[in-house]
Protein chains: 2
Amino acid sequence: MTQHSHPIALRDATVTDAFWASEQELVRTQVIPFQWNALNDNVPGAAPSYCMHNFKAAAAQNAEHRKEGKSFVPPKYTFRGFEALPDDPKHPDPDKFYGFVFQDTDFSKWIEAVGYSLTHHPDAELEATADAAIDIVCAAQLDNGYLDTYYILNGMDRHFTNLKDHHELYCFGHLTEGAVAYYEATGKRKLLDAACRFADYIASRFGTEEGKLHGYPGHEIAEMALVRLAEATGEQRFADLAEYFVRQRGQNPLYFGKEDRKRAEQEGRSFTLDPKNYTYYQADKPVTEQTEALGHAVRAGYFYSGLADVARRTEDPALLEACERLWRNIVDKKLYITGGVGGTRMGEAFSFNYDLPNDTAYSESCAAIALAFFARRMLEIKPKSEYADVMESALYNTTLAGMALDGKSFFYVNPLEVVPEACHRDERKSHVKPVRQKWFGCACCPPNIARIVEDVQQYAYTVADDASTMYVHLYMGGEATATLGGAQVRLDVTANLPWSGNGSAVVHVDAADDPRFTLAFRLPAWAGGEDAAETIAVRGRSGISREVKDGYLYLSGTWHDGDAITFDLPMPVRMVSANPLVREDAGKVAFTRGPLVYCAEEADNGGNLHLLHADVNGIAVDAGSVKPEEIVFHAGASAQNEQGLGEVERTDMRMVVLHVPAWREVTETPEHESLYHAWKPTRRESVVATLIPYFAWANRGEGEMTVFLRD
Amino acid sequence: MTQHSHPIALRDATVTDAFWASEQELVRTQVIPFQWNALNDNVPGAAPSYCMHNFKAAAAQNAEHRKEGKSFVPPKYTFRGFEALPDDPKHPDPDKFYGFVFQDTDFSKWIEAVGYSLTHHPDAELEATADAAIDIVCAAQLDNGYLDTYYILNGMDRHFTNLKDHHELYCFGHLTEGAVAYYEATGKRKLLDAACRFADYIASRFGTEEGKLHGYPGHEIAEMALVRLAEATGEQRFADLAEYFVRQRGQNPLYFGKEDRKRAEQEGRSFTLDPKNYTYYQADKPVTEQTEALGHAVRAGYFYSGLADVARRTEDPALLEACERLWRNIVDKKLYITGGVGGTRMGEAFSFNYDLPNDTAYSESCAAIALAFFARRMLEIKPKSEYADVMESALYNTTLAGMALDGKSFFYVNPLEVVPEACHRDERKSHVKPVRQKWFGCACCPPNIARIVEDVQQYAYTVADDASTMYVHLYMGGEATATLGGAQVRLDVTANLPWSGNGSAVVHVDAADDPRFTLAFRLPAWAGGEDAAETIAVRGRSGISREVKDGYLYLSGTWHDGDAITFDLPMPVRMVSANPLVREDAGKVAFTRGPLVYCAEEADNGGNLHLLHADVNGIAVDAGSVKPEEIVFHAGASAQNEQGLGEVERTDMRMVVLHVPAWREVTETPEHESLYHAWKPTRRESVVATLIPYFAWANRGEGEMTVFLRD
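Everything numeric here is computed off the predicted structure, so don't read it as measured data.

Before we move on, can you summarise the overall build of chain A with the specific residues and values?
When helices and strands are tallied, chain A shows 19 helices and 26 strands. Taking 2.2 N^0.38 as the reference for a compact globule, 711 residues should give roughly 27 Å; the C-alpha atoms of chain A span a radius of gyration of 26 Å, in line with that estimate. Scored against the burial criterion, the 711 residues of chain A give a buried share of 62%. Sequence-distant contacts, at least 24 apart, represent 72% of the contacts inside chain A between residues at least 6 apart. If you average the places of the 70 positive and of the 102 negative side-chain charges in chain A, the two averages end up 3 Å apart.

Pasting the structure below:
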C-alpha cells in the first residue's frame, strides 16, 4: 500500500517570506474587502453581483413560508437566460433572482478566502461581517437542506433537471469549500452544518439506486469539496457521494444526453445524441476510458482533482491509473510553459495535443489554479517532484499573473504573447486583454486567485498519513507544525524564493525525547533535479540518513531541537525550447530561472518584439552571458479604468530581471517598404533584451509582451 | 486629361493557350451544367438552392395578379430569417420564397457565365435553356420594374427598407452583370431590358432629392454593374445612378444607422448609433474620407471597382485619389502574396495593416476576384504594370486555387498554411477546409470563379479610348481584335504562361494602308519589371519606336500585316520575404516563379512542414540552386465526398514544380520527448523540398500545406 500524505492544517502553517506574505497581504487588504462590496452590489461603476441580494430574497421567501405555516409552494419555474438582470440595476425586485445561475458562488469563494485570512489575521470586524452573511445564507436554505437561490427563487419544480448547465452542484461544491475553510478558521459550525445538510439532501437524491437521479455535476467541484467535507468532519458518507459522482460521470446512457433529449422533447425540437457534445463536460465517457484531457479546462482540472481525491481514498487502481494518464497527457502535451492550460477560447478548453498557441491562448487563471489543485492531490497520492514542479509553475507564473501587483485588477486569460493592436482589432484575440480588468461580470478568477493565495502554504507541506514524514514541496518562508514521530514538530523555514534558492529549515521539537521522523525536501527540476540533493545539508549533524527518491531528498533519523537543514538550490538561468511538435514555439526559446518564467515587454525592449531574437548560440557557448540582476520594479497603471474604479497606485517590487544577449532585425521605416520583396540577409543589431518575470507583466501600461523569443 | 482604356469586347478576344483554355473548358463542361442543376435543386445530396423555384413562384404570383386585373396587393411582410427553408426540402410550398435573401443571384451568376461561354462556344441547347430561364425570370418582374423575388414573395410593403442586410440592390447588380453578358453574347435584349427597367425603377426611388431614399446598397456590386449597363446601352442615366451610390455612401446622417434605428424602434429595442458598425459595409464615412481598406473584403472589392468606374468616367480628382489611396493600402499592407485579401474570418474582412495570418486567413476566392475587378478598372484609368501584377497574381493564384483541377470542388477560404488536424479540431480554423467542398449553401465562390474564368481575356487586353493603343496586360495565348488607328487589327498571341515567358504576338492588319498605332506590352515585376523591355523585340522591323512608361513597353509606328513581336520574359525563381511588420511571415520565405506562387505540400515533403526550412543562404549564394522541373502532375481525390456528389476523376496536368535546397529539423520520435527541454542546437538533415504551384494544392487528398517556409 502506498503511503499517502495530506496537507498541514492551515492554522499550523504560516507564510512569512517577503514574496508570498505580500501577495497574501494584497488579497487580505485589497481583494477581500473589494469582493464583499462586489457581492453586495456596492462597487460604483461595476456590474452588480446580486449575490447577497439573492440570498436575502430566498431567506425572505423562506421566512414567509414558515410564518404562514404552509408547506413549500414554489413559484413555477421560468428560465430567464443564463444571466437574469433587473430592468433597473439599482432597484432590483426584492423577490427575484438575478445574475448567473452560479451567482451564489460569489459568496462561497469570498467566505473561503475570509476563512483562510482569519486563520492568521484575526479580525473581529471581518468575522462579524462574515457571520452576518452566513446567517443570511443559512436562512436561505430550505428545510430539506437544498441551498441554491437560483431554483429557490425561480421555481423548485425544476431543481436538478438541468445538471448540465445549471450549476446547482457546483454551487454546492463552492459552498462546501467555503464552509470547511470558515469552520477550520473559526471553529464555527453553522455554515459547515448547512453544507452537510445540503450534501445529505443531494445524497438522498443521487445514486445508482432505482428511483434516484443517476446524474452528476455539469461543472465539477462537488467531488473534491465532498472529500474535503468528509475529511473535515470524519464522515465517510460524503466521500461516498464524491466517489459516486466520479464513477457515474460519463456512464452509459449518458445522463446529460437524457436531460437534453427531455428538454428537446418539451420544446418540440428534434434531438440526436452525440457523445462529443459532452466532452466539454468530461462527460462523454467514463473517466476510466478518458485518455486525453479535454473540454473546459477549469471543469477538467476540478474533476481530475476530485478524481485524485477519490482515487487516493479508494486506492482503486483503475482510478489511480486514470489520474496518472490524464496528468501525463496534460504535462506532456497540453501545458503552457507558464503552468497554464487551455489552448483555445472555444469552450475555454484544452485544445488538441501540442496545440499551444501563444497569442490566442486561453490559459485561464482559474485553470492554472485547478491544475495546482490537481497537482497537490497527485502529491498526496504519491510524492513525486514532477507534480510539485508543475504546481509551483502554475502558482508562481499563471496564477500570480492573474492579479496586478497592486491587487486591484485581474486577468481571466493569460496569453504568452500580446500585441495590443491585435487584441483591439483582431476578433480572434478579442478574449485576450493587454491590460488587466477591474472585475468581471462572471467573477470567477479574482476570487479564485484570492482563495488559493490565502492558503498557499497548504501547497507547501504535506504530512504522511502515518505521521512519519513531513514533505516540503515548495520552499516558502514560514512555519509548519505537525505531529511527527509522536512529537509536536515545528519547521521554521527561511527562504528567498523565487529570487534565490538558498535558505534554511530549522527543526523545533517540543518533546522530552528526540523523535525519529523524516523530512523530505523536494529537488526541483529548475535546480537540477536529483543532483540538487547535494546542496541540502544537515548542519553539524550525523546520524541522519539521506535517500533520494522520486525527486525528493529524504532525511531520516532522530532530530534534536534546533537542528538546521540548509539548502542552496542552484538557480541558473535556463534557455528552454518546446517539443518540436509545438508548432507555435518552433524556432523559439524561453528563459526561466527557478520557478519563474520570464518574458520580454515592450516597456523594456521596444515594440515589434517579433524582430527580437535571442542570441542562442552565444548564450549556449557562454552560459554566464545571461545576467540576472536584482532591481526595484516600478509598477503602476496596471488597470483598465473603463469602469472608473479609482486610481491605480504605484507599487514597487524588488525582483530579479534577466539581461539576455540578443539581436534585433534592423529595418528602416518598414512601413515605407513594399509588402513583399526579394529575400535579403537580415541586418542585425546586437542588443541586450531585458526580461521580467511573467507574473509581473502588464503592470506598466499597455504594450507588447512575449514569453518566447525567436532564436 | 488622362487617356483611359476599356476592355476589348469578349467576342473580339479569344483564349486558346493550353492553360486558360483548359480552365475555361472545365467551367464550360463541368461548372455551368452543375450550376444549372444546382439552381434547379437537382443536385442529389446538395442543399437545394430554390433559386428558380423562387422566380417561378414570383412569376406565378404576378400572372395571378394580372389575370385578376387587380392592382398589386402584396402579402404582408414577415421576416423569416436570413435563410428561409421549407419544412420538407423536397416539397417546397410553390408560393413561398426559400433560401438566402440573395438567392436570385444564383441565376444571375449562371447566366453571366453562360453568356461568356456562348460567346465562343455556340451551344443551341444551352442557349434555349437560358432563354427559357430568362422568360421565367422576366415573368417574375413587377410592372414597375422591381425584380427581387425575396420581397415580391415575402411582401412588397417592406421593399427597400433594409438595404443594409437584404441585398435587393446586390441582386439587381448581379442581374445586370448577367444581362449585359448575355446580351453581348447573343444580342438578345429581353434580360437586358428587364435590367434597364429595374435600374429605372431604382433611379426613381433613390437619389439626393427630397422625397427619395438617400440609401445605397448593403452589398455593393450595383455600382459597377450600372456603369457596365451604361456602357453597354450608351445610357448615361445608369452611370449617374452609379455615381449617386458611390458618392452617397457613408454620408451623414448614416443611412444604415437610420434604418437600424427605425427597426430598433419598431421592435422596442434601444439603439445607439456607432459608425464603426458600418465599417463592414464601407459605409461608416464617405469614400473620399476612407483611408484604409476595411470591412467585408468582397463588398470592399466590389465597391472599389464601382468607385474606379465612376472615377474614370467623372474624372473627379477626389474619387481618383480615393481609388489610389485604397489601392495603395491594400497592396502595401493588406495583400497576401497569393493575391488574396481578407485576413480575418470575422466579417470575412480585411484585418488591420500587416495582419496577414497564414493559417487563419480568410482570403475568400470571391475577394481575390473582386480585387482583380478593381485592378482591371485601375488599369482602365491608367495603365500601370503594378495593377496588372496584382490582377495577374489574384487570377493565377487565389482565384484558380478556388477550384479543383477537375472543376468539381471549390474553396471558399484560401489559407496559406494548413494543418488538417488544426482545421478539424481547432474551432479558430473551422472556416479553413483542408480539401475543397462540392458546393456551398451560400454558393458565391464557385459561380464567381466560373464567371471570371469564362471571360478572363477581358483582363488581358484593353484599348485606349481614342483607339490609338492596345494594351497587353496579361500574356495569354489567343486573339484580340480591335479598331486601332482606323483599321481593324488582330493580334494573334502565342504564349506559354505561366510556365514560360516566351511567345509572340503577330499583328494582322486587314487594311489597304498600314495603320499607325501603338502596342503596349506590360513588363511584369516577376520578369524584372522595366528591365524586361529588352526581351521584347519587333522581328525584322525598323521604324517602330520604343518607350517604357509605368511598366509598359510602348511600341509605336506604322504596322504591317504579319509583323511579329517576340517576347522572352525572364522567369527566374524568386525567393521572397514579407515586410518585417508582417508578424506571421517573420523569418520565412516564399518562392515564386512568373505569376505563380508556390507551396509545399505534405504529399511531396512529408508532414510537420514547420520543421522544413529553406536553405536561404545556400540559395542566395547559388541562384541556380532552385531547380524548376516540368512534370505531369497527377491530381485526384480533390473533393470532399460528404455530399456524395459523385466520384472524383483523375486529372493530370503538365506543370513546373520547384526543387528547393532545404533542411529539416531532425527529431527522433518527438512524441516521446518532454514538452519543454533545455535548448540544444538543431540537428539538421539536408533535403530537397518540392514545391508545386499554389493553385494546384489540395488536389491529392488531405495533407499539410504551406506557402511560406521558415528560413
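Can you break down the sheet that holds strand E13 (residues 536-538) of chain A residue by residue, with the values?
Residue and element names in this part refer to chain A. Overall, antiparallel pairing links the five strands, which are arranged E9-E10-E11-E16-E13 in an open sheet. Each edge of the sheet is formed by a strand with only one pairing partner; in this case those strands are strand E9 (478-484) and E13. Within this sheet the neighbouring strands show an average axis-to-axis angle of 20°, counted without direction. In terms of strand pairing, strand E10 (residues 487-496) meets strand E11 (residues 500-509) through eight bridges, oriented antiparallel. Bridge pairing in E11 places Thr 494 opposite Ser 504.

So what about a negative patch on the surface? Which residues, and what values?
Together, Asp 510, Asp 513, Asp 514 and Asp 561 of chain A make up a negatively charged patch on the protein surface. Along the chain, Asp 513 of chain A falls in the loop between E11 and strand E12 (516-522).

Outline the interface of chain B and chain A, supporting the account with residue identities and numerical values.
Counting residues at the interface gives 62 residues for chain B and 62 residues for chain A. Both sides together, the interface formed by chain B and chain A hides about 4,900 Å², and carbon and sulfur atoms give 56% of it. On inspection of chain B and its partner chain A, the count reaches four salt bridges. Our count for the contact surface shared by chain B and chain A stands at 24 residue pairs in polar contact (both at pLDDT 80 or more). Broken down by secondary-structure element, the contributors of at least two residues to the side of chain B that touches chain A are helix H13 (317-333), helix H16 (420-425), strand E17 (573-578), helix H19 (616-621) and strand E23 (676-678) of chain B. When grouped by side-chain class, the residues that make up the side of chain B that touches chain A number 31 nonpolar, 13 polar and 18 charged. By the bridge criterion, three bridges tie strand E23 (residues 676-678) of chain A to E17 of chain B in an arrangement that is antiparallel. What sits directly across from His 677 of chain A, in E17 of chain B, is Ser 577 of chain B.

I'd love a proper account of the relation of the copies chain B and chain A, names of residues and values included.
The operation relating chain B to chain A is a screw motion whose rotation component is 180°, with 0.1 Å of axial translation and a residual RMSD of 0.1 Å. Expressed as an axis order, the relation between the two copies is that of a two-fold axis. Identified as the residue of chain B closest to the rotation axis by C-alpha distance is Arg 428 of chain B, at 3.7 Å. Of the residues that chain B buries at the interface, 100% are likewise interface residues in chain A, meaning the two copies contact each other through the same surface.

An account of unusual backbone geometry is needed here, citing residue identities and associated values.
Cis geometry is found at the peptide bond from Asn 252 of chain A to Pro 253 of chain A, where omega equals -5°. Relative to the helices and strands, Pro 253 of chain A resides in the loop between helix H10 (236-248) and helix H11 (255-266). Cis peptide bonds are those with omega within 30 degrees of zero, and the linkage from Leu 497 of chain B to Pro 498 of chain B qualifies with 0°. By the secondary structure assignment, Pro 498 of chain B is in the loop between strand E10 (487-496) and strand E11 (500-509). One non-glycine residue, Asp 41 of chain B, lies in the positive phi region at around 60°. Relative to the helices and strands, Asp 41 of chain B resides in the loop between helix H1 (18-39) and helix H2 (51-67). For Asp 41 of chain B, a relative accessible area of 29% gives the class partly exposed. Although it is not a glycine, Tyr 50 of chain B sits at a positive phi angle of roughly 65°. Of note, Tyr 50 of chain B is situated in the loop between H1 and H2.

Talk me through the packing of aromatic side chains; I want residue IDs and the actual numbers.
In this description, a pair of aromatic rings is defined by centroid distance and the angle of the planes. Evaluated as defined, the whole model comprises 84 aromatic pairs over all chains. Residues Phe 160 of chain A and Phe 206 of chain A carry aromatic rings whose centres are separated by 5.0 Å and whose planes lie at 80° to one another, so their mutual orientation is edge-to-face. With a gap of 46 residues between them, Phe 160 of chain A in the loop between helix H5 (149-154) and helix H6 (163-166) and Phe 206 of chain A in the loop between helix H8 (190-205) and helix H9 (222-233) connect regions that are remote in the sequence. Here the two residues Phe 160 of chain A and Phe 206 of chain A agree in accessibility, since each one is buried. Residues Tyr 475 of chain B and Phe 521 of chain B carry aromatic rings whose centres are separated by 6.4 Å and whose planes lie at 20° to one another, so their mutual orientation is stacked. Taken together, the residues Tyr 475 of chain B in the loop between strand E8 (469-472) and strand E9 (478-484) and Phe 521 of chain B in strand E12 (residues 516-522) connect sequence positions 46 residues apart.

Any chance you could break down the confidence of the model for chain A for me, citing the residues and the numbers?
Residues and elements named next belong to chain A. Counting all residues, the mean pLDDT for chain A is 92, and 96% of those residues have values of 70 or more. Of the regions scoring below 50 in pLDDT, residues 638-648 engages in 35 contacts with residues more than four places distant in sequence or in other chains. Quick note on the complex model: pTM equals 0.91, ipTM equals 0.91.

Explain the sheet that holds strand E14 (residues 545-549) of chain A residue by residue, including any values.
All names here are of chain A. Across the sheet, which stays open at both edges, the six strands sit in the order E1-E7-E8-E12-E15-E14 with mixed pairing between neighbours. Each of the sheet's edge strands pairs with one partner strand only, and the pair in question is strand E1 (5-7) and E14. The mean angle between the axes of side-by-side strands here comes to 25°, regardless of whether they run parallel or antiparallel. Across three bridges, the pairing between E1 and strand E7 (residues 461-464) is antiparallel. The residue of E7 that forms the bridge with His 6 is Val 463. Here helix H15 (residues 385-401) sits on the sheet and contacts E12 and strand E15 (552-558); the angle it forms with E12, its principal contact strand, is near 55°.

Any details on the packing of helix H4 (residues 124-139) of chain B against helix H7 (residues 168-186) of chain B? Residues and values, ideally.
All names here are of chain B. Direction vectors running N to C along H4 and H7 enclose 140°, while the axes themselves pass 13 Å from each other. On the basis of their axis angle, the class for H4 and H7 is oblique. Between H4 and H7 lies a crossing whose hand is left-handed. Residue-level contacts link Glu 127, Ala 130, Asp 131, Ile 134 and Val 137 of H4 to Leu 175, Tyr 182 and Thr 186 of H7.

Give a description of the pairing of E12 of chain B that names residues and reports values.
In the case of a regular strand, side chains alternate between the two sheet surfaces. Residues and elements named next belong to chain B. With six of seven residues buried, E12 lies mostly within the body of the structure. Note that E8 and E12 share four bridges and pair parallel. Note on E12: the bridge partner recorded for Met 470 is Leu 519. Of the strand pairs in this sheet, E12 and strand E15 (residues 552-558) are connected by seven bridges, and their pairing is antiparallel. Opposite Arg 522, over in E15, you have Tyr 552 as the bridge partner.

Help me get a handle on the nonpolar core, residues and values and all.
If you look at the biggest cluster of nonpolar residues, it comprises 237 residues, and the most contacted ones within it are Phe 107 and Phe 591 of chain A. Among the nonpolar cores identified, the runner-up in size contains 236 residues, and Ala 195, Ala 311, Trp 526 and Val 589 of chain B belong to it.

Quick one: what's the story with helix H12 (residues 297-314) of chain A, residue by residue and with numbers?
Residue and element names in this part refer to chain A. With 18 residues, H12 extends 25 Å between its outermost C-alpha atoms, agreeing within 8% with the 26 Å of an ideal straight helix rising 1.5 Å per residue. In terms of residue burial, H12 counts as a mostly covered element, since 16 of its 18 residues are buried. Glu 315 lies just past H12 and shows a positive phi near 55°.

Summarise helix H14 (residues 365-381) of chain B; cite the residues concerned and give the values.
Three- or four-residue spacings in an α-helix give side chains the same orientation, since the helix completes a turn every 3.6 residues. For H14 of chain B, with 17 residues, the first-to-last C-alpha span of 25 Å sits near the 24 Å given by 1.5 Å per residue. With 17 of 17 residues buried, H14 of chain B lies mostly within the body of the structure.

Now, about the pattern of salt bridges: what can you tell me, with residues and values included?
In total, this model carries 98 salt bridges over all chains according to the counting rule given. One salt bridge connects Arg 263 of chain A with Asp 260 of chain A, and the closest N-O pair in it is separated by 2.8 Å. Of this pair, Arg 263 of chain A and Asp 260 of chain A both sit in helix H11, three residues apart, which is roughly one turn of that helix. Of the two residues, Arg 263 of chain A and Asp 260 of chain A, both sit in the buried class. Between Arg 376 of chain B and Glu 380 of chain B there is a salt bridge, and its shortest N-O distance comes to 3.0 Å. Linking Arg 376 of chain B with Glu 380 of chain B, this pair stays in helix H14, spanning four residues, or about one helical turn. Among the charged side chains, a salt-bridge network with shared partners connects Glu 231, Asp 309, Arg 312, Arg 313, Arg 376, Arg 377 and Glu 380 of chain A.

Reading the values: rules and limits
Residues numbered from 1 in each chain as written. Chains lettered and ligands numbered in written order. Predicted model: local features only at pLDDT ≥ 70, side-chain atom pairs only at ≥ 80, totals over all residues. Heavy atoms only, no water. Helix = DSSP H or I, 4+ residues; strand = E, 2+ residues; numbered from the N terminus. Rg over C-alpha atoms; globule rule 2.2 N^0.38 Å. Buried < 20%, exposed > 50% of the residue type's maximum accessible area, 1.4 Å probe, protein only. Contact = heavy atoms within 4.5 Å. Lys, Arg positive; Asp, Glu negative; His and termini not counted. Charge placed at Lys NZ, Arg CZ, Asp CG, Glu CD. Pairing = 2+ DSSP bridges. Axes fitted to C-alpha atoms, helices over the stretch in contact; angles between N-to-C directions. Patch = residues over 30% accessible without salt bridge, like charges linked within 9 Å, V, L, I, M, F, W, Y side chains within 5 Å. Areas by Shrake-Rupley, 256 points an atom, 1.4 Å probe, with all protein chains shown as cover. Salt bridge = Lys/Arg side-chain N within 4 Å of Asp/Glu carboxyl O. Buried area = accessible area lost by both parts, 1.4 Å probe. Polar contact = N/O pair within 3.5 Å; in protein donor to acceptor, adjacent residues only side chain to side chain. Nonpolar A, V, L, I, M, F, W, Y, C, P; charged D, E, K, R; others polar. Least-squares fit on C-alpha atoms with pLDDT ≥ 70 in both. Phe/Tyr/Trp six-rings, centres within 6.5 Å; stacked < 30°, edge-to-face > 60°. pLDDT = per-residue confidence, 0-100. Parallel < 35°, antiparallel > 145°, perpendicular 65-115°, else oblique. Left-handed = near helix turned anticlockwise from the far one by under 90°. Core = buried A, V, L, I, M, F, W, Y, C linked by side-chain atoms within 4.5 Å. Expected span 1.5 Å × (residues − 1).

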